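Here are the chains, one letter per residue:
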Amino acid sequence: MPIYKVWRESRSRFLFILAALLLITAASTFYNAQAEKVVIEAKDFHEAGFRTLQGPLFLFWGFAAVFLGLGGLLRERSVGTVDYTLSLPVSRTRWFLYRAVNGALQAIAVAVIPALAVPVMARFFGGDYPAGEALVHGLRLGIGGMLFYSIGLLVSALFPGEFTSAGIGIALVFAVNNGTRVIQSLKQLNLQDAITPMQMVDTSTYLTRGQMPCIGICLSFALSVVLSSVAWKVTSNRDF
Amino acid sequence: MNAVVQTTQLTKVYGTNRALNGLTMTVPRGGIIGFLGRNGSGKSTTIRILLDVIRQTSGEATILGEPTRSATVRRRIGFLGEDKRLYPYMTVEEIIAFTRPFFSTWRRDTEARLLREFELPARRKVSSLSKGMRTKLGLLLNLCRHSEFLILDEPSEGLDPVMAEQMLQSLVQQAADGTTVFFSSHQISEVEQIADYVIAIEKGRVILEGSLDQLQQQFRRINLVFDDPPPPDAFRRDGVDHVIVQGRTISILASHNVDELSALGPLLAAKSVEVHPISLKELFLEKVKER
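Residues numbered from 1 in each chain as written. Chains lettered and ligands numbered in written order. Predicted model: local features only at pLDDT ≥ 70, side-chain atom pairs only at ≥ 80, totals over all residues.

## Some words on the overall build of chain A
When you go through chain A residue by residue, the secondary structure sums to 11 helices and two strands. Starting at the N terminus and ending at the C terminus, chain A contains elements arranged as α-α-α-α-α-α-α-α-α-α-β-β-α. Taking 18 Å as the expected radius of gyration for a compact globule of 240 residues, we find that chain A reaches 19 Å, a close match to that expectation. With the principal axes as the frame, chain A shows a C-alpha extent of 60 × 40 × 30 Å. Looking at chain A residue by residue over its 240 residues, the buried ones come to 45%. Excluding contacts between residues fewer than 6 apart, the proportion of contacts in chain A whose partners are at least 24 apart in sequence is 76%. (Helix = DSSP H or I, 4+ residues; strand = E, 2+ residues; numbered from the N terminus. Rg over C-alpha atoms; globule rule 2.2 N^0.38 Å. Buried ≥ 20, exposed ≤ 12 C-beta atoms within 10 Å, placed from the backbone. Contact = placed C-beta atoms within 7 Å.)

## A closer look at the domain arrangement of chain B
Residues and elements named next belong to chain B. Taken domain by domain, chain B comprises domain 1 (3–213) and domain 2 (219–290). Contact residues are listed per partner, giving 11 residues for domain 1 and six residues for domain 2. Of all elements in the fold, only α6 (188–194), β9 (197–202) and β10 (205–211) reach the threshold of two or more residues within the side of domain 1 that touches domain 2. When the residues that make up the side of domain 1 that touches domain 2 are grouped by side-chain class, the tally is eight nonpolar, no polar and three charged. (Domains from an automatic or database assignment. Nonpolar A, V, L, I, M, F, W, Y, C, P; charged D, E, K, R; others polar.)

## A few points about the interface of chain B and chain A
The partner chain A presents 19 residues to the 21 residues of chain B that form the contact. In terms of residue class, the side of chain B that touches chain A is built from 13 nonpolar, two polar and six charged.

## Brief notes about the sheet that holds strand β13 (residues 249–254) of chain B
Residues and elements named next belong to chain B. In space, the four strands of this open sheet follow the order β12-β13-β11-β14, with antiparallel pairing throughout. The open sheet has two edge strands, β12 (240–246) and β14 (272–277), and neither has a second partner. In this sheet, neighbouring strand axes are inclined to one another by 20 degrees on average, regardless of whether the strands run parallel or antiparallel. Where β12 lies against β13, six bridges are found, and the strand directions are antiparallel. Residue pairing in the sheet places H242 in a bridge with L253 of β13. (Pairing = 2+ DSSP bridges. Axes fitted to C-alpha atoms, helices over the stretch in contact; angles between N-to-C directions.)

## A closer look at the pairing of strand β11 (residues 220–225) of chain B
Relative to β13(B), β11(B) is paired through six bridges, and the arrangement is antiparallel. Across the sheet, the residue bridging to R220(B) is A254(B), located in β13(B).

## Focus on the confidence of the model for chain A
Confidence in the prediction of chain A, expressed as mean pLDDT, is 89, and 96% of residues score 70 or more. The least confident element of chain A is helix α2 (residues 37–42) of chain A, whose mean pLDDT is 55; the most confident is helix α8 (residues 146–158) of chain A, at 95. (pLDDT = per-residue confidence, 0-100.)

Structure (structure tokens):
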């Protein structure tokens, strides 16, 4: 019942974001392959695929995850449906939980499905990109990047305006990503590096090798749980 | 338990504005209760606290004997808001299918009957329905529940007279089926038309409470005409709610002790004494003036 509502209200947004990320991933993979003729000739999409997953997919997914976190009871207040929602026999905690889980699963899906488009593209051109590599990369992005999703969740619990929440959320994602890239003392916290650590990439094959360092991903995930908990606390206690 | 709602010293403060100022009221079980008040008197704030949409600053409120924060108590409640906003992305049949499983008392036969009577287009999106149609849909979603307690916030607001009448008759029918109906309004005529019991509030406090029959029997207007009116203080006695001096006429609103107050007229050399019953509208306006 509540899951049907959270799915219905987020369905169009999810499908739109998924389609956009699929398009970006496919276009980027194709462009990278075309840009280096050797790739087509060698039927090797490893570098083209890697650059797509590490670059455009990470960047656009980060912003998309913020959008997937938006909505909730505060948003419903501004469209006037919150009274009906809260008059139903469902606690605020359950509404929040259903929405948070639904959004988190959607965020993982829009990371994994476009990532899996890379091997499909490679196969389409008669080339090769390991599906397992794409799947693991998509999962690392979806789970490790949950921090971006929880930023969306938190700003939508704090700011009623959809545009305000989106603007602040995207600015925060930008700040987090760039701050941890530029500021020396924060470099170890960079999410892009945690998800795709360059030292783990074999530059001759552009495939990851060895055991992935999970600390960055776990830290990011733990932080996203903290932000989500704050969003839950705010939602539980505020007036609508 | 005879009360469906009990509030004690309920206060809600928004910044410097006290929307509710120690509201203490008891809503009795059974029948139709009109919750009367001017715009901004605190009616919607009270209802939103009862539904746990907002939280009180202080005081206590229970609904069907449970704290307002209890989600389970809302299985026994229906609610129709003032603007009748429902999920715009769902169709009529989708929102019915979504709401139905929350309520074990939902009646499919009532649903089918109301869909027919209200001529609701099942496949149409809620966003494309007129306010009248949204009201009908909101009523359907509530009436099918056959809940113990139905709350409506300004239900006739923005409706044409035909739709408003249809809605009021639905409430009468629902009350006859055993649901306690609690509806807020600033339209005294519709409260007088269907309510059995009235609670009026002003500036976040109860100013009038009782069954409509009891209030209409209890309160009287006493008009006394004098050649030389005595000072109003001469009428400050038990049973006098309000005294108005208009030239040579003194008008008293009496809540009780009417015979004794009428007898004051000859004693104070009144030329005439008339005792009139008072309408709910007059009573409400007098009570508001007192504040």
